Amino acid sequence: MATVLPRLISFLLNPLYVDVLPKSEFADVSIIFAWLIFFNVILSYGMETSFFRFYNDNEIDKNKVITTSTISIICSSIFFLIIALFCKNYIAQALGFKVEYIVFTIWILFLDALVIIPFSKLRAEKNPNNMQ
């Protein structure tokens, strides 16, 4: 559901983007989506794969894996958030986008990075109802 719903919403909003937004703003939205994918990979830095590798190892304490990976993701995400918000005007000017678009993108990337470990934990336990 978490994979299908955003794509469905994007598909349903596509006519709105094409009909209502000026062509230059539609191009900006498309480019921002491309940057979102790129920076999402950078901000996760393979932590999801590492999490599964160590979480499924029976010799390692699962709580330590969760704690360590969560702290790592939170620290790097906060560092990214501070630097990116500090440089938002420069980024907007360099890319030719509105500052609001850059701010939204930064916050989306930040929040998306924070949910990597909780979602990974749910997938590892194969139980979406057991979020403790």
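One can find the structure itself at the top, above this paragraph.
What counts and how
- What you see as residue numbers is a count from 1 along each chain, following the sequence as written.
- Two thresholds apply to this predicted model, a pLDDT of at least 70 for residue-level local features and 80 or more for giving and counting side-chain atom pairs, whereas whole-chain, interface and lining totals are computed over all residues.
- To obtain the side-chain values, all non-hydrogen atoms of the structure were used and water was disregarded.
- Elements are defined by DSSP. Helices are runs of H or I of four residues or more, strands are runs of E of two residues or more, and each kind is numbered from the N terminus.
- It is over C-alpha atoms that the radius of gyration is taken, and the globule rule equals 2.2 Å times the number of residues to the power 0.38.
- Relative accessibility thresholds used throughout: buried, under 20% of the residue-type maximum; exposed, over 50%; partly exposed, between the two (1.4 Å probe, protein chains only).
- Here a residue-residue contact requires only that any non-hydrogen atoms of the pair lie within 4.5 Å.
- Think of the arc as the fan of directions from the helix axis to the C-beta atoms.
- Take the buried residues of types Ala, Val, Leu, Ile, Met, Phe, Trp, Tyr and Cys, join any two whose side-chain atoms come within 4.5 Å, and each joined set is a nonpolar core.
- The patches reported here contain residues having more than 30% relative accessible area and no salt bridge. Joining distances are 9 Å for like charges and 5 Å for nonpolar side chains (Val, Leu, Ile, Met, Phe, Trp, Tyr).
- Here the open area of atoms and residues is found with the Shrake-Rupley method and a 1.4 Å probe, where only the protein chains shown may cover a residue.
- The term salt bridge refers to a pairing of a side-chain nitrogen on Lys or Arg with a carboxyl oxygen on Asp or Glu at a separation within 4 Å.

Our next topic: the overall build of the chain. Counting its secondary structure elements, the chain contains 7 helices and 0 strands. Put simply, the chain runs from its N terminus to its C terminus through helices and strands in the order α-α-α-α-α-α-α. By the compact-globule yardstick of 14 Å for 132 residues, the chain is too spread out, its C-alpha radius of gyration being 18 Å. Dimensions of the chain, computed from the C-alpha atoms along their principal axes, are close to 55 × 35 × 20 Å. Among the 132 residues that make up the chain, the fraction classed as buried is 27%. Within the chain, residue pairs in contact and separated by at least 24 positions form 61% of the contacts whose partners lie at least 6 positions apart.

Our next topic: helix 3 (residues 47-55). Met-47, Phe-51, Phe-52 and Tyr-55 are the residues of helix 3 that are buried. Down the axis of helix 3, the smallest arc covering the buried residues is 135 degrees, so these residues share one side. Of the residues in helix 3, the exposed ones pointing more than 90 degrees away from the buried face are Thr-49 and Arg-53. Those residues of helix 3 that are buried lie in contact with helix 2 (23-44), helix 4 (62-86) and helix 7 (116-125).

Among the nonpolar cores identified, the biggest contains 24 residues, and Phe-51, Tyr-55, Phe-80, Ile-106 and Ile-117 are the most heavily contacted of them. Secondary structure elements with two or more residues in this core: helix 2, helix 3, helix 4, helix 6 (99-114) and helix 7. Residues contacting Phe-51, with those up to four places away along its chain left out, are Val-65, Ile-66, Ser-69, Ile-117, Ser-120, Lys-121 and Ala-124.

On the surface, a nonpolar cluster with roughly 860 Å² of combined accessible area is contributed by Val-4, Leu-5, Leu-8, Ile-9, Phe-11, Leu-12, Leu-13, Leu-16 and Val-20. For Leu-16, the position within the fold is in helix 1 (residues 4-20). Owing to a relative accessible area of 45%, Leu-16 belongs among the partly exposed residues under this scheme.

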